[in-house]
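# An overview of the molecular structure
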Amino acid sequence: MRQNKAIIPTFEFHDRTGIQNYLEKQAEKGWMLTQLGKYRWKFQRTEPRKLHFAVVYFPEADLFDPAPGEAEVTFREFCAHSGWILAGANAQMQIFYSEQEDPTPIETDPLLEVENIHRAMKRGSLPGYWLLILSALLNLFVQGMAIHNDVIQYLSHNINLLMAANWSILLFLVVYHLVHYHRWHRKAVIMARNQNLFPETRSARSLTNILTALLGLGFLVVIVTMENRGQALLLILSVAAVYGIMTLTELVRKKMQKDGWDAPTNRKTTLITTVVLVLVLYFVLAPAMADVLDVDTQKDREETLAVTIWELLGGDAEDYGVFYLTDQESILLKYQHIHQFPEEIIRTDLQYELVNVKMPFLYEFCLERLMGVPPYIENGAYREIDPTPWGADRVWQLFEGENPRDWYVLCYGDTILEIIPTWAFTEEQIAIIAESMK
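Since this is a predicted model, take the numbers as computed values, not measurements.

Moving on to the packing of helix H3 (residues 110–123) against helix H4 (residues 125–149). Running from amino to carboxyl end, H3 crosses H4 at an angle of 40°, the nearest separation of the two axes being 3 Å. Compared by their axis directions, H3 and H4 come out oblique. Contacts between H3 and H4 involve His118, Ala120, Met121, Lys122 and Arg123 from the first element and Ser125, Leu126, Pro127 and Tyr129 from the second. For the contact of H3 with H4, a count of residues per class yields 5 nonpolar, 2 polar and 2 charged.

Considering the arrangement of structural elements, one finds Asn4 in strand S1 (residues 4–7). The spatial distance from the C-alpha of Asn4 to the C-alpha of Gln44 is 4.6 Å, given a sequence separation of 40 residues. What Asn4 contacts, discounting residues up to four positions off in sequence, is Trp31, Phe43 and Gln44.

The antiparallel open sheet is built from 3 strands, whose spatial order is S1-S3-S2. Here the strands that pair on one side only, and so sit at the sheet edges, are S1 and strand S2 (31–36). Sheet twist, expressed as the average angle between the axes of neighbouring strands with direction ignored, equals 30°. Bridge count for S2 against strand S3 (residues 41–45) is 5 bridges, and the pairing is antiparallel.

This brings us to the layout of surface pockets. Put simply, the second largest pocket is a space of about 430 Å³. Along the wall of the second largest pocket there are 23 residues; nearest its centre are Ala89, Asn90, Ala91, Arg253 and Gln257. Going through the elements one at a time, S2, helix H2 (70–81), strand S5 (85–90) and helix H8 (229–258) are the ones with two or more residues in the lining of the second largest pocket. The residue inventory of the lining of the second largest pocket, partitioned by class, reads 9 nonpolar, 6 polar and 8 charged.

Attention now moves to a nonpolar patch on the surface. Residues Leu271, Ile272, Val275, Val276, Val278, Leu279, Val280, Tyr282, Phe283 and Val284 make up a contiguous nonpolar surface patch of about 950 Å² in total accessible area. Here Ile272 lies in helix H9 (residues 263–293).

Turning our eyes to something else, we now look at the pattern of salt bridges. Across all of its chains, the model carries 12 salt bridges by this definition. Put simply, Arg119 and Glu60 hold a salt bridge, and the shortest N to O gap is 2.5 Å. Of the two residues, Arg119 sits in helix H3 while Glu60 sits in the loop between strand S4 (52–57) and H2, which places them 59 residues apart along the sequence. The class of Glu60 is partly exposed, set by a relative accessible area of 43%. Put simply, Lys438 and Glu435 hold a salt bridge, and the shortest N to O gap is 3.2 Å. No difference in accessibility class separates Lys438 from Glu435, as the two residues are exposed.

Let's shift gears to the nonpolar core. Counting residues in each nonpolar core, the largest one holds 39 residues, and the members touching the most others are Phe53 and Ile95. Counting residues per element, the ones that place at least two in this core are helix H1 (16–28), S2, S3, S4, strand S6 (93–98), H3, H4 and helix H6 (158–195). The greatest single-element share of this core, amounting to 9 residues, is contributed by H6. Setting aside residues no more than four positions away along its own chain, Ile95 makes contact with Ile19, Leu23, Leu33, Leu36, Phe53, Ala54, Val55, Ile85, Leu86, Ala87 and Gly88. Residues Leu305, Tyr352, Ala392 and Ile430 belong to the second largest nonpolar core, which totals 27 residues.

Note: most peptide bonds trans; most residues except glycine with negative phi. Of note, the phi angle at Asn196 is positive, near 55°, even though the residue is not glycine. Along the polypeptide, Asn196 turns up in the loop between H6 and helix H7 (205–225).

So, about helix H12 (residues 363–370). Residues of H12 that are buried: Tyr363, Cys366, Leu367 and Leu370. Buried residues along H12 cover an arc of 100° about the axis, so they all sit on one side. Across H12 from its buried face, at more than 90 degrees, point the exposed residues Glu364 and Glu368.

This paragraph deals with the confidence of the model for the protein. On average, residues of the protein score 87 in pLDDT, and 94% of them reach the 70 mark or higher. Here residues 295–300 is a poorly scored stretch, pLDDT under 50, and it has 5 contacts once near neighbours within four places are set aside; other chains count.

What counts, and at which threshold
Note that residues are indexed from 1 along each chain, following the sequence as it is written. Selection of residues for local features in this predicted model requires a pLDDT of at least 70, selection of side-chain atom pairs for listing and counting requires 80 or more, and totals for whole chains, interfaces and linings are taken over all residues. Side-chain descriptors were evaluated using all non-hydrogen atoms of the structure, hydrogens and water having been removed beforehand. Simply put, an axis is a line fit to the C-alpha atoms, just over the touching stretch for a helix, and the angle between two N-to-C directions goes from 0 to 180 degrees. Numbering of helices and strands runs from the N terminus, with a helix taken as a DSSP run of H or I at least four residues long and a strand as a DSSP run of E at least two residues long. Any angle between 65 and 115 degrees counts as roughly perpendicular, while under 35 counts as roughly parallel, over 145 as roughly antiparallel, and the rest as oblique. Contacts: residue pairs with any heavy atoms within 4.5 Å of one another. In this classification, Asp, Glu, Lys and Arg are treated as charged, Ala, Val, Leu, Ile, Met, Phe, Trp, Tyr, Cys and Pro as nonpolar, and every other residue, Gly included, as polar. When DSSP finds two or more bridges between a pair of strands, those strands are recorded as paired. Of the grid points, spaced at 1 Å and generated over the protein atoms alone, those admitting a 1.4 Å probe that cannot get out make up cavities, while open sets with protein on both sides within 12 Å along at least five of seven lines make up pockets; any residue with an atom within 4 Å of a point is treated as lining. Grid points are joined across faces, edges and corners, and a volume is the space filled by probe spheres set on the points. Each patch is assembled from residues with relative accessible area greater than 30% and no salt bridge, linking like charges that lie within 9 Å and nonpolar side chains (Val, Leu, Ile, Met, Phe, Trp, Tyr) that lie within 5 Å. Reported accessibility uses the Shrake-Rupley method at a 1.4 Å probe radius. Residues are deemed covered only where the shown protein chains occlude them. Salt bridges, as used here, are contacts in which a Lys or Arg side-chain nitrogen is within 4 Å of a carboxyl oxygen on Asp or Glu. For every residue, the accessible area obtained with a 1.4 Å probe (protein chains only) is divided by the maximum for its type, and the residue is called buried under 20%, exposed over 50%, and partly exposed between those limits. Think of a nonpolar core as a cluster: buried Ala, Val, Leu, Ile, Met, Phe, Trp, Tyr and Cys residues, connected wherever their side-chain atoms sit within 4.5 Å. Of all possible arcs, the one meant is that of the directions from the helix axis to the C-beta atoms. Along the chain, pLDDT gives the predictor's confidence residue by residue, from 0 to 100.

Written out as structure tokens, the structure reads:
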């Protein structure tokens, strides 16, 4: 039987009622809180006991203080004198327990208690909420710009989908917590002033746990469905690196706190450490890991080409160059944008965009996007032509006014191919394309 356990706390900071009820139930099950950390709470197995817990907020405390201040020490001595034992403290949140059947309450002034919670929130959680909202909006703006630039390419990358989902869920959750707290605070002030009562807090912990589980599930789906195992491993290592940065910065903070550094110095050092580690991750470790894990060889990638210029023009693959402008796959789409050309002939080249649509509801959308007429083609329009020679379901050719261009969009089941040569296809070459797309 295990003797220790740890949880990731998903309580809202002001949820005094929810935290107290949770800890009391844990004590009845034989689990006693031993450490109140920033990212996890530790418990130790004990004899099941009926305990009373009190969550008290001390706004003057600082997470970076080397030791409890004089006022905080005096407050704890007062609590101990009243039969309350300190279970754990994390700066402004202090948790006590009492073995007495009917202990004297630590807080006796509801309005002062509400004010202490609000002061503590203004020093900690509320600025953090607004910073997260700003970060989420900024990241979603970046995602929106990527969608605007090339929506098909965006949707064909699992990491893009994961980022959009993560930031959207985080934004919703933070806004919900912010609104939830301000509604409670407004009600609490009125009740404390008019009725001299402290209203119980209602936790949004269940919602937080559900959305966190959805994020975890989405991450697993992305990892499992990624065909490039090197990229999947890179994504896992990137997430691990982020948690590593969080752990290292917390270790730096605790070490400086233990060694007696003052709060401003500790805070600056921790911030500098975080910035340096993030820069190292994104500009040194991430590119290095990407190079190591890029296991696709040129030969392996050539086997994924839908149409090859050397099959159409003759010769060997070694006589041609290939630019993989995009070659990626998500749970929604598989997308390739390929540019092929002979090594010694500059003007003879072949470009194609191929989309394999996995979700039927996206098919017409992708087809419409691929059939967009470039702005430099005057009076451009697609006209449907006979698909029989191409072995396709449907085929469109781009016309500039009444003049046909060598520019085609072909539909093969759930696959759409836009192909653009710099020469006119022959019947034999069209037959090769039809065979390649079977």
